Amino acid sequence: MSICPNCFRYNFGVNCYDGAEICAFCGYVFGTKPKEPLLLPPGTVLNKRYFIGTETINDGTYQIYRACDFKKDSEVTVWELLQKLEKRMENGSISFSDEETKKKFQQSCDELICKCSIIKNLDIEEGMLVPLDSFTENGTVYIVTEAITGDTLLDYRSGIGGRLSKREAFTIMLPILKSIGLLNKYDLKHGGVWLSSMYFTQNGKIKLGALGNTETAHSDADKTSDINDAGFALFSLIAGGADAHEDEEPKDISKGTVNDKLAAFGLNKSEAAPIAAAIYSKGSIVETGAMKKLIMRVEKTLKESRTSGNAQKDDTTISITGKRKKPLVWAGAALILIGLSIIGLLFAADKISPMQAETQEAEEMELPEETSDFQEIGIPEMAQGERRAEEIGMP
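In this convention, every chain numbers its residues from 1, walking through the sequence in written order. Where local features are concerned, this predicted model is filtered to residues with pLDDT of at least 70; where side-chain atom pairs are given and counted, the filter is 80 or more; whole-chain, interface and lining totals use all residues. Here the side-chain values reflect all heavy atoms present in the structure, with hydrogen atoms and water set aside.

**Student:** Just give me the short version of the layout of surface pockets, but keep the residues and values in it.
**Tutor:** To locate leftover empty space, one rolls a probe as large as a water molecule over the atoms. In this structure, the second largest pocket encloses a volume near 230 Å³. Taken together, 14 residues line the second largest pocket, and the ones lying closest to its centre are Pro34, Pro37, Leu39, Pro41 and Met89. The class makeup of the residues in the lining of the second largest pocket is six nonpolar, four polar and four charged. For cavity detection a 1 Å grid was placed over the protein atoms alone, and a set of points counts as a cavity when a 1.4 Å probe fits there but cannot get out; an open set counts as a pocket when protein lies on both sides within 12 Å along at least five of seven lines, with lining residues being those that have an atom within 4 Å of a point. Grid points are joined across faces, edges and corners, and a volume is the space filled by probe spheres set on the points. Amino acid classes used here: Ala, Val, Leu, Ile, Met, Phe, Trp, Tyr, Cys and Pro are nonpolar; Asp, Glu, Lys and Arg are charged; the rest, including Gly, are polar.

Quick look at the structure:
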């Protein structure tokens, strides 16, 4: 019995006429090779624990795989660092064109493992996918996080008309802003604070993806790039437009234009100014305090909204059209046993003899009680006399 890398169910597999073995549940053909040469083949097991599935996306830094954790019997997401790689060997290892490239990549891997070990100990999980595990294999780094659906905040914004309300945008972004601020506090740079890098988890939360940069933020300039992108992400959620890393960069929009656009969508000056300040924050973070001011303003706006007459519960749980439901990871074997039991019962039912069937039918029939002629015509006194005569033996 094997596990299907497409639906993660245990099954015996079905052999087709052409010899191919397919999943009895979803029809996946076992042994199917990946479409791209750099992708791990479905069914690959990493760290003797993580079973790689068929679904995968690429965010420019990582190849992101839907996977199954054998140890915890649950679905997870595996992030494989792939930066400018040229070839993957048959054994899964990656190769480089020259030693210098390989050396630089290994340094990036070491930096990433170090950063993951720090992040695991930070209270950051509300706004960012925390590394549950990180390890090196095949000449690269793998990060394991809670399972995501593959849908992003950019997808959600596009699906509801291109813009979010102030309240919804603030509610979604607040945990993410706090996570970025905490990273900066520990000299860590995310390097990928974009709407397309904010993913839906399987319980409907929106969180910033795995670290988009493998280098430590040694300078304030490194840190402010995260703050710039965070401010622009919040701006584009409310006002629409491109994502931070697309063609329309923040430098192409003046600070006055940012304030004017946000004002047009219901933000007052005290709410719009911190967003514009974050987008254009430069130099020392200690001096500008752009991220701290932005977080404080967002928190204050949400608090005022809660205390108003239209108070609603702040909840970052969102339903997105087409969001994949969590699969039954190990339900295959149980379903097979249930199916066999039902077949057995049906088979046993077919074996009942005609005489047993007639007996059962007779037992199930409700026989009417005997009634006297007097009862039928509605004379209870005469009926009682008839019963008394029968008791003493009179004809």
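What follows continues from the structure just given.
**Student:** So what's going on with the packing of aromatic side chains? Which residues, and what values?
**Tutor:** Note on aromatic pairs: the rings of Phe, Tyr and Trp (six-membered ring only in Trp) are paired at centre separations within 6.5 Å, and the planes decide the class, stacked below 30 degrees, edge-to-face beyond 60, tilted for the rest. All chains considered together, the criterion is met by ten aromatic pairs. Relative to Phe51, the ring of Phe8 has its centre 6.1 Å away and its plane inclined at 70°; by these criteria the two rings are edge-to-face. With a gap of 43 residues between them, Phe8 in the loop between β1 (2-3) and β2 (10-11) and Phe51 in strand β6 (residues 50-58) connect regions that are remote in the sequence. For every residue, the accessible area obtained with a 1.4 Å probe (protein chains only) is divided by the maximum for its type, and the residue is called buried under 20%, exposed over 50%, and partly exposed between those limits. Relative accessible area serves as the criterion here: at 0%, Phe8 is assigned to the buried category. Taken together, a centroid distance of 5.8 Å and an interplanar angle of 40° make the contact between Phe232 and Phe235 tilted. Residue Phe232 and its partner Phe235 are both found in helix α4 (residues 220-239); the two are separated by three residues, about one turn of the helix. Per residue, the accessibility class of Phe232 equals that of Phe235, and both read buried. Ring-pair connections join several aromatic residues into one group, and the members of that group are Phe8, Phe51 and Phe70. Each ring is checked for a lysine NZ or an arginine CZ that lies within 6 Å of its centre and within 35 degrees of its normal; such an atom marks a charge sitting over the ring. A cation sits over an aromatic face here: Arg9 above Phe25, 5.9 Å from the ring centre. Only runs of H or I of at least four residues qualify as helices and only runs of E of at least two qualify as strands under DSSP, and these elements are numbered from the N terminus.

**Student:** I'd like a rundown of the nonpolar core, residues and numbers included.
**Tutor:** One broad trend across soluble globular proteins is that nonpolar side chains are buried collectively. Joining through side-chain atoms within 4.5 Å is the link that ties buried Ala, Val, Leu, Ile, Met, Phe, Trp, Tyr and Cys residues into a set, and such a set is a nonpolar core. Grouped together as the largest cluster of nonpolar side chains are 65 residues, with contacts concentrated most on Tyr62, Trp79, Met198, Leu234 and Ile275. If sequence neighbours within four positions are ignored, Ile275 has contacts with Phe170, Gly231, Leu234, Phe235, Leu262, Leu267 and Leu294. In this structure, Leu39, Leu46, Tyr50 and Ile52 belong to the second largest nonpolar core, which totals twelve residues. The contact criterion used throughout is that any non-hydrogen atoms of two residues lie within 4.5 Å.

**Student:** Please provide a residue-by-residue account of the sheet that holds strand β12 (residues 140-146), values included.
**Tutor:** A sheet is described by the order of its strands in space; here six strands give the open sequence β5-β6-β7-β8-β12-β11, paired in antiparallel fashion. Two strands close off the open sheet at either side, each with one partner strand: β5 (45-46) and β11 (133-137). Strands are treated as partners if at least two bridges between them are detected by DSSP. Summarising the sheet, strand β7 (residues 62-69) and strand β8 (residues 74-81) pair through eight bridges and their orientation is antiparallel. Of the residues in β8, the one forming a bridge with Arg66 is Thr77. Seen against the sheet, helix α1 (residues 99-119) touches β7, β8, β11 and β12 and runs at an angle of roughly 30° to β12. Inter-axis angles, ranging from 0 to 180 degrees, are taken between N-to-C directions of lines fitted to C-alpha atoms, where helices are fitted over the stretch in contact.

**Student:** Outline the packing of helix α6 (residues 269-279) against helix α8 (residues 290-307), listing residues and values.
**Tutor:** Between α6 and α8, the least distance of the axes is 9 Å, while the angle of their chain directions is 150°. Judged by the inter-axis angle, α6 sits roughly antiparallel to α8. For the pair α6 and α8, the crossing hand works out as left-handed. Taken together, the residues of α8 that come into contact with α6 (itself represented by Ser270, Glu271, Pro274, Ile275, Ala277 and Ala278) are Ala290, Lys293, Leu294, Arg297 and Thr301. By residue class, the composition of the contact of α6 with α8 is six nonpolar, two polar and three charged. Angle categories are assigned with fixed cut-offs, so that under 35 degrees is roughly parallel, over 145 is roughly antiparallel, 65 to 115 is roughly perpendicular, and the rest are oblique. With the far helix as reference, a near helix turned anticlockwise by less than a right angle produces a left-handed crossing, and one turned clockwise produces a right-handed crossing.

**Student:** How would you summarise the packing of helix α3 (residues 166-185) against α8 if you had to cite specific residues and measurements?
**Tutor:** In contact at an axis separation of 10 Å, α3 and α8 are set at 145° when each is read in the N-to-C sense. When the axes of α3 and α8 are compared, the crossing they make is left-handed. Counted together, Lys166, Arg167, Phe170, Thr171, Leu174, Leu177, Lys178, Ile180 and Gly181 of α3 and Met291, Leu294, Ile295, Val298, Glu299, Thr301, Leu302, Ser305 and Arg306 of α8 form the full contact between these two elements. Considered class by class, the residues forming the contact of α3 with α8 number nine nonpolar, four polar and five charged.

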